[in-house]
Amino acid sequence: MKQLPLRTSAAALCATTLLLSATACSSEASGGSGGGSAKNAKIAFLMPDLASTRYESYDAPLFKAKVKELCGGCQVLYQNAGGDAAKQQQQANSALAQGVKVIVLDPVDSAAAASTVRTAQSRGVKVIAYDRPVPAVRADYYVSFDNEKIGAMIGQSLVDHLKGRGPVRDGGGILQVNGSPTDAAAGLIKKGIHSAVDDSGLKLLAEYDTPAWEPGKAQSWVSGQISKFPGRIAGVVAANDGTGGGSIAAFKAAGVDVPPVTGNDAELAAAQRIVNGDQYNTISKPIRTVAESAAVAAHAFVRGERPKGNATLFDTPSELFTPTVVTRENLAEVLVGDGKPLKTGDVCTATYARGCAELGLK
């Protein structure tokens, strides 16, 4: 499996920290650019879309709560672009006009977001790339999951599962449903999937880059492939739970058996599909850890400090976290239950009671 282009840079980060220490003090004293003093600073938290439920349900609330814990007087300006890159640019401009000190940006379009980063930095505002990188320009910090590894993990999990079931029928193979072609993180996930699939011995029947990660578009494409490859689709490696759910819906609408389908994000609906046997896997991400780490980094910037990462990606100091593959076998251990990301009562509604009982979820 190919690794992300990471390189540790402790010495460089230390040198940078020393270099910035003098300016940090003056920035702290003057309050930096806009947003008042460090004690009542404004921080923008700009998320990309509503196609994935995680941003509204987890990322935003967790980020806000951590900022409040660190800085009771700080204000988080949260906006979701709804998959519209132009709208996100407007939201960033509005945040800058309101005097934010830091923008935490999960870009709709990674290429288009470069202008947002440049504009903010020209005004002395720090930019933390969140979840998705901005490869064309150096952000001030990057907090995310190891997206290439995520792709490799879900791809390898499906490959191992299919091989464990026995030989795939002649002419059979898998579909690959990627994320948005404008999302650099989706490109990393796609690269990781190929690292697992290309040399697996399983035939890749077709693949698709899903515009804006829209589940409906994934469903439409998979529906066409079901007609094109009748009875030959042994599995679907989908880049997230939304595209995985769309893929599953296509098979159900066609009235054919649903093959193993992957996912990513550990959404509630995905957990229920896994309980029901409709979805094979998902990825449990430490969203709390990532959201809170972004809040800690934003607070550091607000105070004129520079956070230290554990790696460098796209020439940006980065903090990357490794998630966990979840299937029916470890759903209760990793994802659902007391102290887990999802509550048993939310997952195990009447519709899923039988599957929950089989898995010992009470």
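Up top is the structure.
In this text, all values refer to a predicted model and were calculated from it rather than measured experimentally. (Residues numbered from 1 in each chain as written. Predicted model: local features only at pLDDT ≥ 70, side-chain atom pairs only at ≥ 80, totals over all residues. Heavy atoms only, no water.)

### Description of the sheet that holds strand 7 (residues 204–209)
Formally: At least two bridges found by DSSP between two strands is the condition for calling them paired. We count a stretch as a helix when DSSP gives it H or I for four or more residues in a row; a strand needs E for two or more, and each element gets its number in order from the N terminus. Axis angles are defined between N-to-C directions and span 0 to 180 degrees, where every axis is a line fitted to C-alpha atoms and, for a helix, only to the segment in contact.
Spatial ordering of the open sheet is given by 7-6-8, a layout of 3 strands whose pairing is parallel. Taken across any chain shown, the strands that pair with only one partner, and hence form the sheet edges, are strand 7 and strand 8 (233–238). Within this sheet the neighbouring strands show an average axis-to-axis angle of 15°, counted without direction. Pairing geometry for strand 6 (residues 173–178) and strand 7, over 5 bridges, is parallel. The residue bridging Ile 174 from the neighbouring strand is Leu 204, located in strand 7.

### As for the packing of helix 2 (residues 54–70) against helix 10 (residues 287–302)
Stated precisely, the cut-off is as follows: With respect to orientation, any angle under 35 degrees is reported as roughly parallel, any angle over 145 as roughly antiparallel, any angle of 65 to 115 as roughly perpendicular, and every other angle as oblique. Note on convention: the crossing is left-handed when the near helix lies turned anticlockwise from the far helix by less than a right angle, right-handed when the turn is clockwise. Throughout, a residue-residue contact means that at least one pair of heavy atoms, one from each residue, lies within 4.5 Å. Amino acid classes used here: Ala, Val, Leu, Ile, Met, Phe, Trp, Tyr, Cys and Pro are nonpolar; Asp, Glu, Lys and Arg are charged; the rest, including Gly, are polar.
It is at 8 Å that the axes of helix 2 and helix 10 come closest, and there the two elements cross at 40°. Between helix 2 and helix 10, the angle falls in the class oblique. The interaxial crossing formed by helix 2 with helix 10 has right-handed handedness. Contact residues: Arg 54, Tyr 58, Asp 59, Leu 62, Phe 63, Lys 66, Val 67 and Leu 70 in helix 2; Ile 287, Arg 288, Ala 291, Glu 292, Ala 294, Ala 295, Val 296, Ala 298 and His 299 in helix 10. Within the contact of helix 2 with helix 10, the residues separate by chemical class into 11 nonpolar, 1 polar and 5 charged.

### With respect to the packing of helix 3 (residues 85–97) against helix 4 (residues 113–122)
Running from amino to carboxyl end, helix 3 crosses helix 4 at an angle of 10°, the nearest separation of the two axes being 10 Å. Classed by the angle they form, the pair helix 3 and helix 4 counts as roughly parallel. Seen from helix 3, the contacting residues are Gln 89, Ala 92 and Leu 96; seen from helix 4, they are Ser 115, Thr 116, Thr 119 and Ala 120. Here the residues of the contact of helix 3 with helix 4 are counted per class, giving 3 nonpolar, 4 polar and no charged.

### Comments concerning the environment of Leu 158
Put simply, the test is: Residue burial is assigned from relative accessible area. The probe radius is 1.4 Å, only protein chains are included, and a residue is buried under 20% of its type maximum, exposed over 50%, and partly exposed in between.
Mapped onto the elements of the fold, Leu 158 is located in helix 5 (residues 147–164). Take Leu 158: its relative accessible area is 1%, and that puts it in the buried class. Separated by 79 residues in sequence, Leu 158 and Val 237 have C-alpha atoms that sit 7.0 Å apart. Ignoring anything within four residues of it in the chain, the contact list for Leu 158 reads Gly 235, Val 236, Val 237, Pro 260, Thr 262 and Tyr 280.

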